[in-house]
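If you want the building blocks of each chain, they are given just below.
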Amino acid sequence: MKRAFLGEFEEVVLLTVAVLDESAYGVTVTQEIEQKTGRAVGFSTVHTTLQRLEEKGYLSSRMSGATAERGGRRKRFFTVTTAGRKALVEVKHIREQLWGALPPQTLQLMGN
Amino acid sequence: MKTSKPPRWATWLLEAFAHPDSREEVQGDLLELYAYWVETVGERKARWRYWLNALKLMRPLARRKPATHYSTPFFLSPVMIRNYLKVAFRNLVKNKVYSFINIGGLAVGMAVAMLIGLWLYDELSFNQYHKNYDRVAQVMQQQTSNGKIYTQSAIPFPLGNELRTKYGGEFKYLSMASWEGEHILTYGDRKFSKSGCYMEPDAPRMFSLTMLRGSEEGLKEPNSILLSESVAKAVFGEADPLNKLMKIDNKLDVKVTGVYEDLPYNTTFRDLAFIAPWDLYATSESWIKRARDEWGNNSFQLFAQINDQTHYETVNKRILKARYNNVDESEKKFNARIFLHPMRDWHLRSNWEEGVQTGGLIEYVWLFGIVGVFVLLLACINFMNLSTARSEKRAKEIGIRKAIGSVRSQLISQFLSESLLVVAVAFVLALLLVQLSLPWFNEVANKRMEVLWTHPGFWLLGLGFSLLTGLVAGSYPALYLSSFEPIKALKGNRYASRFQTIRFVSIPRKVLVVLQFTVSVSLIIGTIIVYRQIQFSKNRPIGYSRDGLMMIQMKSPEFYGKFELLRSELKRSGAIIEMAESSSPVTSVWSNNGGFEWAGKDPSLDADFSTIWVTHEFGKTVGWQFKEGRDFSRDFSTDSSSLVVNEAAVKFMGIKDPIGTVVRWGTDSRARSFKIVGVIKDMIMDSPYDPVKQAFYLLDYENVNWIDLKLNPAKSASESVAKIEAVFKRVIPSAPFDYKFADEEFAAKFAAEERIGTLASGFAVLAIFISCLGMFGLASFVVEQRTKEIGVRKVLGASVLNLWGLLSKDFVFLVLIAFGIATPIAYYFLHGWLQKYEYRTEISWWIFAASGVGALTITLLTVSFQSIKAALMNPVRSLRTE
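None of the values given here were measured: they were computed from a predicted structure. (Residues numbered from 1 in each chain as written. Chains lettered and ligands numbered in written order. Predicted model: local features only at pLDDT ≥ 70, side-chain atom pairs only at ≥ 80, totals over all residues.)

**So, the overall build of chain B**
Then step 1. For chain B, the count of helices and strands is 28 helices and 27 strands.
Then step 2. The C-alpha atoms of chain B give a radius of gyration of 40 Å, which is well past the 29 Å a tight globule of 882 residues would have.
Then step 3. Looking at chain B residue by residue over its 882 residues, the buried ones come to 36%.
Then step 4. Pairs at least 24 apart in sequence give 81% of the contacts found in chain B among residues at least 6 apart. (Helix = DSSP H or I, 4+ residues; strand = E, 2+ residues; numbered from the N terminus. Rg over C-alpha atoms; globule rule 2.2 N^0.38 Å. Buried ≥ 20, exposed ≤ 12 C-beta atoms within 10 Å, placed from the backbone. Contact = placed C-beta atoms within 7 Å.)

Structure representation (C-alpha cells):
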C-alpha cells in the first residue's frame, strides 16, 4: 500500500477534526486550532487543507445545518475516514518509535 | 443592536469567483467567522481578515467537478465497444432493407470511385516505366500550309545528324527511328509477324530498357537485333537466343545481341517486339538511301533525351530553325519549326490545333475523375440521408440510454462507431467488387490494371475516405440526437420535436436528392449523345463497300512480281471475285505529296494531295462509286498516266470540268503529266470524323504495299480464308499468312469513342442505380412516417390513386427541378465535346425529353412501390400502430 503522507499542518487539521468529532466544519476547526495551538491560522488555509484531505480520502463530508447567522447557508461537516484514522495512527506510531529510540541522556537534556 | 456587515466588495468577489463546488460553505463559514472576529478582535481587524480570506479563496478558473456518484467507464473500454457493436448489428439486422440499401449503395459507389481511381492512376503513370521520363522527348515539327498550321511527328532523315553535330550540347542521347510496324521475323523455317522498329544504338539507354541478356550496346553491331523477352521465348523457347541468326522480312540478316524485358502495357512502346539498328534500315531500301540527304522528305521519327542541366524550353528555342535553315528556297514558305514533345505529354496531351496543344486524353482523365467524384458523392449522400432518417426513429433508445445514465460523449461515440462499422463493411465489399469487376473493366478500358494492394497511397486514400464518410454521416445523429432531453424523447411530445426536426432537416435532404438526379440525368443525356455521335459517324457514307474486303500487307520481297499469278490462282479457287494492290490499306492513307500543277491553279495554293497508287482492278475490288468519268481500264494503255480523283480534290482544285484536266507533278526533268479520267465519291480512308482529304489515285504495280481481296459473297468467309491461305502458302511460302478485314479495321477507328460510350453508360447506370436506391429508402421512410396520416385519409375516403399521387408528387417535383438544372449543364458540356468533331450529330430536343421522361419513369417506379404499398394498407392496422 502506498505510504500515507501527512504534512505537519495536515496532521494538526486532521487531528482537530477527530477531536471535534461530529461538529467539525470550517469555523470550528479554525477556532479550535487557534485556541489549542495559540497560533493564528487563516481560515482560507484551513479550508484548503480540509479539501485536500478530503481529496486524499482521509476525510469525508456532508452538507447540513443551515443557520440564520450564516445567511441560511449550509455547513460542510467533516468526519475522519478509516483511511484518515489509519494515517493518524501511523504517524503517532512513528513518533513513538522515534521517541523510544532516543538515548536516555538526550531525553534528560530535554528536561524530561 | 447594531450588527456589523462584512465588506460588500469582498462578499461580491467571493460570490463571483469562489470555487463553485465549495462556494456555499465558504460563504457561510466566513460570515460566521466575521461575527466571531468582530466580537474578539474588533470590527476593523475583522473586516481586514474577511478581505484577506476572501481574496485567498478566489478560484477564478475553477470549474464545477462532474458529479461522481456513478463511475464512468472509459469510452473505448472493450465492454462498451462490444455493446455498441451489438446494438449496431441488431439495428442492421432489424432493418434489412435499409441496411442493404445503405451498405450496398455505398459499396457500389466506392467501387466505382476505386475503379476510376485506378484508371486515373494508370493514365497518369503512363510511360513512367522509363527512368528518363522527365528528359525524353520526341522531336516534332509544325508547318504552315494554305494558312493553316499543321503539327506532325514525321521529320526528315538529315535532321538527326544536324541536331547531333550542331546542337549536340543540348542532348544526351539522340535516336532516329522508323515507324513501328509489323515485320516478318524468320528463324530457320519458323516465321513470326511481329511489331518492331529500327533505332540508333542510344535508344536502349534512352528508354532505359532492362536488358535480360546481352547489353545495351547491342545495336552498335551493324547486323544485330534486340528482342523482347516474350518474343525471344516464342522464337527460341528455353534456348539461349544470344548470337542466333535471324532474318527480318526475309531480306536482312541479323544476329540477336540482346533480350530486353517486355515493356509494360501502359507505355507507348508496349507492342515493341524487337529493335534493329537504324543503319541497317538506312541501307535497306533505295528510297531510304535517297532520303539520307533529303530535307523535304518527312518520313521518319526522332527521339531525344535532353541534357541533365537543360530544360525543354531552352532546347526548343535553340533548335527551332534546325530544319528551316536547311530546306530548299521553295519550301521556306512552310516555315518549318522544330520542337520537342516531352514524353510526359505523349499519352495525355497529343492533340494539336493550329499549332497549339489542345489536350487529348487528359480531357477524359478530367471527365472520368469528375464522374468518379460525383458517383462517390451520390453514394455518400444516400448514406447520410438514410442514416440520419433512420436515426430519428431511435429517439426512444436515446431517451432510455440517457435515463439509465449514458452521458453525451458515450452516445456520440456510439453513433459514430455504428456508422464507421457500416462504412467499414461497405469498404470491404467495395474492394471485393473491384477485384471481381476489374477483368471486365480492363477489357472495356483497354488496360491491364491491378488493384494496388501494396501501394500505401491506395490504402491511405481508401481508409481516409472511409473514415471521413463514416464521421460525416455519423455526425448528425451523433451530435444532434445525443442532445435530446431524455424526458422529451420519452414522453409524448417527442412527436412535436420530431416534426420540427423533419422540417429542419428535410430541406438539405431535398437538395441532396436534386443534386443526385442532376448528375444522373446529365449522365443519361451524355451517354445518349456519345452513342448518337458514334452512330452518326458510322452511318456516314464511306464511298466504298467494306463487306468481305480483306487486306494483306506485302511485308517481304517475295510478295512482289506475283500479282498476275496470285490473282488468277485466287480467282480460280473461287474464294474471291476480284483482287488488286494498293500503296495504302483501304482504311488509312500512307502518303501525301505536294508539287502538283494544273491550269488555272491559284499560285498561292499549296497543292498537297493524298496519293494512293493502285492497280487496275482496285475500283472493282473496293467498289468505289463514280460521279463522272470512268475507272482505270486495261483497255487503255495510256492509263499509266491517268488519274482518278475524289470529289474533295475537284473542290480543292477549283475546276469546273475535271474530266480531261491535265495535272503536272514535279518541276524538273522528272516531271510527269497526268490526265484526270474519273471522279469518285469521297472514300473515307482516314478518320471517320474528319472531312475527306483531296486524293489522287494513280496506277502503279511497283509502288504498292497491300493486297486487297474482295471475298466471294457466295461462300462463307472461313471457307474463303482457308482457300486463300492455301494459295498463299503455295505461291509465297516464306511469308506468314497475315490478313485483316476492312470492316474490322474501320470499326477500330471508333474504339476510343465506343470505349468512352461504354464507360459513360456504365457509370450512368450505376449513378441511376445509386440514386434510385437512395430514393427508395427515402420514400419508404416518408411512408412510414406518414402511416397514421394515410390511415386517417383512407378512413375519410381517399382512394388509392389519391394517396399514390400524394406520396409521389414530392419526389416527382424534385426530379423535375433536377432535370431543369441538368439540361443546360449537359447541353453546355456536350456541345463543347461535339465541337471536336468536324462531322457531328445534332443535339436535338428529344434527347433531353427522353432522358427527362426516363428519369421520371424510374422515379415513379421507385416511389410507387412504396406509396402503393402504403396506400393499400388496411387503415385499421396503420391506425393501431403504437
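More follows now that the structure is in view.
**Here's the deal with the overall build of chain A**
Then step 1. Across its full length, chain A carries five helices and two strands.
Then step 2. Ordering the α and β elements of chain A from the N terminus gives α-α-α-β-β-α-α.
Then step 3. Reported as C-alpha extents along the three principal axes, the dimensions of chain A are approximately 60 × 35 × 20 Å.
Then step 4. Evaluated residue by residue, chain A yields a buried proportion of 27% over its 112 residues.

**Examining the domain arrangement of chain B**
Residues and elements named next belong to chain B.
Then step 1. Along its sequence, chain B is carved into domain 1 (8-56), domain 2 (136-346), domain 3 (363-537 + 751-880) and domain 4 (549-746).
Then step 2. Centre-to-centre, using C-alpha coordinates, domain 2 lies 29 Å away from domain 4.
Then step 3. Each side of the interface is counted separately: domain 2 has 11 residues, and domain 4 has 12 residues.
Then step 4. Of all the elements in the fold, those that place two or more residues in the side of domain 2 that touches domain 4 are strand 5 (181-187) and strand 6 (190-199).
Then step 5. Looking at the side of domain 2 that touches domain 4 residue by residue, the class counts come to two nonpolar, five polar and four charged. (Domains from an automatic or database assignment. Nonpolar A, V, L, I, M, F, W, Y, C, P; charged D, E, K, R; others polar.)

**Focus on the UniProt feature "domain: MacB-like periplasmic core" (unreviewed entry) in chain B**
Residue and element names in this part refer to chain B.
Then step 1. The UniProt record annotates "domain: MacB-like periplasmic core" (unreviewed entry) at residues 99-320 and 517-726.
Then step 2. Taken end to end, residues 99-320 is 29% helix and 34% strand, and its two terminal C-alpha atoms sit 64 Å from one another.
Then step 3. This span, residues 517-726, is 26% helix and 27% strand, and a straight line between its end C-alpha atoms measures 60 Å. (UniProt positions renumbered as here; feature names shortened; annotations may be inferred.)

**Side note on the packing of helix 2 (residues 26-37) of chain A against helix 2 (residues 23-41) of chain B**
Then step 1. It is the contact of helix 2 of chain A with helix 2 of chain B, at a shortest axis distance of 8 Å, that shows an interaxial angle of 45°. When the axis of helix 2 of chain A is compared with that of helix 2 of chain B, the two are oblique. Only E25, D29, E32 and L33 of chain B of helix 2 of chain B make contact with helix 2 of chain A, whose side of the interface consists of G26, V27 and T30 of chain A. (Axes fitted to C-alpha atoms, helices over the stretch in contact; angles between N-to-C directions. Parallel < 35°, antiparallel > 145°, perpendicular 65-115°, else oblique.)

**Here we look at unusual backbone geometry**
Then step 1. One non-glycine residue, N127 of chain B, lies in the positive phi region at around 70°.
Then step 2. If you trace the backbone, N127 of chain B turns up in the loop between helix 5 (96-124) and strand 1 (136-145).

**Some details on the interface of chain B and chain A**
Then step 1. Between chain B and chain A, the contact holds 15 residues from the first and 16 residues from the second.
Then step 2. When residues of the side of chain B that touches chain A are traced back to their parent elements, those giving at least two are helix 2 and helix 3 (43-56) of chain B.
Then step 3. Take the side of chain B that touches chain A: its biggest share by element is 11 residues, from helix 2 of chain B.
Then step 4. Broken down by class, the residue content of the side of chain B that touches chain A amounts to six nonpolar, four polar and five charged.

**Things to note about the UniProt feature "domain: Transcription regulator PadR N-terminal" (unreviewed entry) in chain A**
Then step 1. Per the UniProt annotation, the sites labelled "domain: Transcription regulator PadR N-terminal" (unreviewed entry) are residues 19-88 of chain A.
Then step 2. Taken end to end, residues 19-88 of chain A has its terminal C-alpha atoms 12 Å apart, with 50% of it in helix and 17% in strand.

**Details of the packing of helix 5 of chain B against helix 24 (residues 751-785) of chain B**
Residue and element names in this part refer to chain B.
Then step 1. At a minimum axis distance of 10 Å, the contact between helix 5 and helix 24 shows a crossing angle of 155°. By the angle between their axes, helix 5 is roughly antiparallel relative to helix 24. Here the hand of the crossing between helix 5 and helix 24 comes out left-handed. Contacts between helix 5 and helix 24 pair Y98, I101, G104, G105, V108, G109 and V112 from the former with F763, L766, F769, I770, L773, G774, F776 and G777 from the latter. (Left-handed = near helix turned anticlockwise from the far one by under 90°.)

**Quick word on the confidence of the model for chain B**
Residues and elements named next belong to chain B.
Then step 1. Per-residue confidence for chain B gives a mean pLDDT of 86; residues scoring 70 or more make up 96%.
Then step 2. Taken as a whole, residues 493-500 scores under 50 in pLDDT and shows seven contacts with residues more than four places along the chain or in a different chain.
Then step 3. Here the complex is predicted with pTM 0.73, and the ipTM for its interfaces comes to 0.87. (pLDDT = per-residue confidence, 0-100.)

**Examining the nonpolar core**
All names here are of chain B.
Then step 1. Membership of the largest hydrophobic core comes to 109 residues, with the highest contact counts inside it found for F274, I275, A304 and L643.
Then step 2. It is strand 12 (residues 298-306) that provides the largest number of residues to this core, a total of five residues.
Then step 3. When residues of this core are sorted by domain, at least three fall in each of domain 2 (136-346) and domain 4 (549-746).
Then step 4. Setting aside its immediate chain neighbours within four residues, A304 contacts A137, V139, F171, Y173, L174 and L340.
Then step 5. One finds A379, L420, A779 and A822 within the second-largest nonpolar core, a separate group that totals 84 residues. (Core = buried A, V, L, I, M, F, W, Y, C linked by C-beta atoms within 7 Å.)

**Here we look at the UniProt feature "transmembrane region" (unreviewed entry) in chain B**
Residues and elements named next belong to chain B.
Then step 1. With numbering aligned to this structure, UniProt lists the feature "transmembrane region" (unreviewed entry) at residues 97-121, 364-386, 415-438, 458-481, 511-531, 759-783, 811-831 and 843-863.
Then step 2. For residues 364-386, the helix share is 100%, the strand share is 0%, and the end-to-end C-alpha distance is 33 Å.
Then step 3. Secondary structure content for residues 511-531 is 100% helix and 0% strand, and the end C-alpha separation is 30 Å.

**Thoughts on the environment of D810 of chain B**
Residue and element names in this part refer to chain B.
Then step 1. For D810, the position within the fold is in helix 26 (residues 800-834).
Then step 2. Judged by local crowding, D810 falls into the partly exposed class, with 16 C-beta atoms found within 10 Å.
Then step 3. The sequence separation of D810 and K510 amounts to 300 residues, and the corresponding C-alpha distance is 9.4 Å.

**So, the pairing of strand 26 (residues 706-711) of chain B**
Residues and elements named next belong to chain B.
Then step 1. Taken across its six residues, strand 26 has six buried, putting it largely inside the fold.
Then step 2. Of the two faces of strand 26, the one carrying W706, D708 and K710 and the one carrying I707, L709 and L711 are both buried.
Then step 3. With five bridges joining them, strand 16 (residues 549-553) and strand 26 adopt antiparallel strand pairing. Among the inter-strand pairings, M551 is bridged to a residue of strand 26, identified as D708.
Then step 4. Two strands pair when backbone bridges link them, and strand 17 (residues 576-582) and strand 26 are joined in this way by six bridges, in the antiparallel orientation. (Pairing = 2+ DSSP bridges.)

**Details of the environment of V327 of chain B**
Residues and elements named next belong to chain B.
Then step 1. Note on placement: V327 falls in the loop between helix 11 (312-319) and strand 13 (337-342).
Then step 2. Under the C-beta neighbour-count criterion, V327 is labelled partly exposed, with 18 such atoms within 10 Å.
Then step 3. Between the C-alpha atom of V327 and that of E294, which follows or precedes it by 33 residues, the distance is 8.6 Å.
Then step 4. Setting aside its immediate chain neighbours within four residues, V327 contacts W295, G296, K332 and A336.

**Side note on the environment of L106 of chain B**
Residue and element names in this part refer to chain B.
Then step 1. Structurally, the position occupied by L106 is in helix 5.
Then step 2. For L106 and L378, which are 272 residues apart along the polypeptide, the C-alpha to C-alpha distance reads 8.7 Å.
Then step 3. Once residues within four sequence positions are removed from consideration, L106 is found in contact with A379, F383, V423 and A426.

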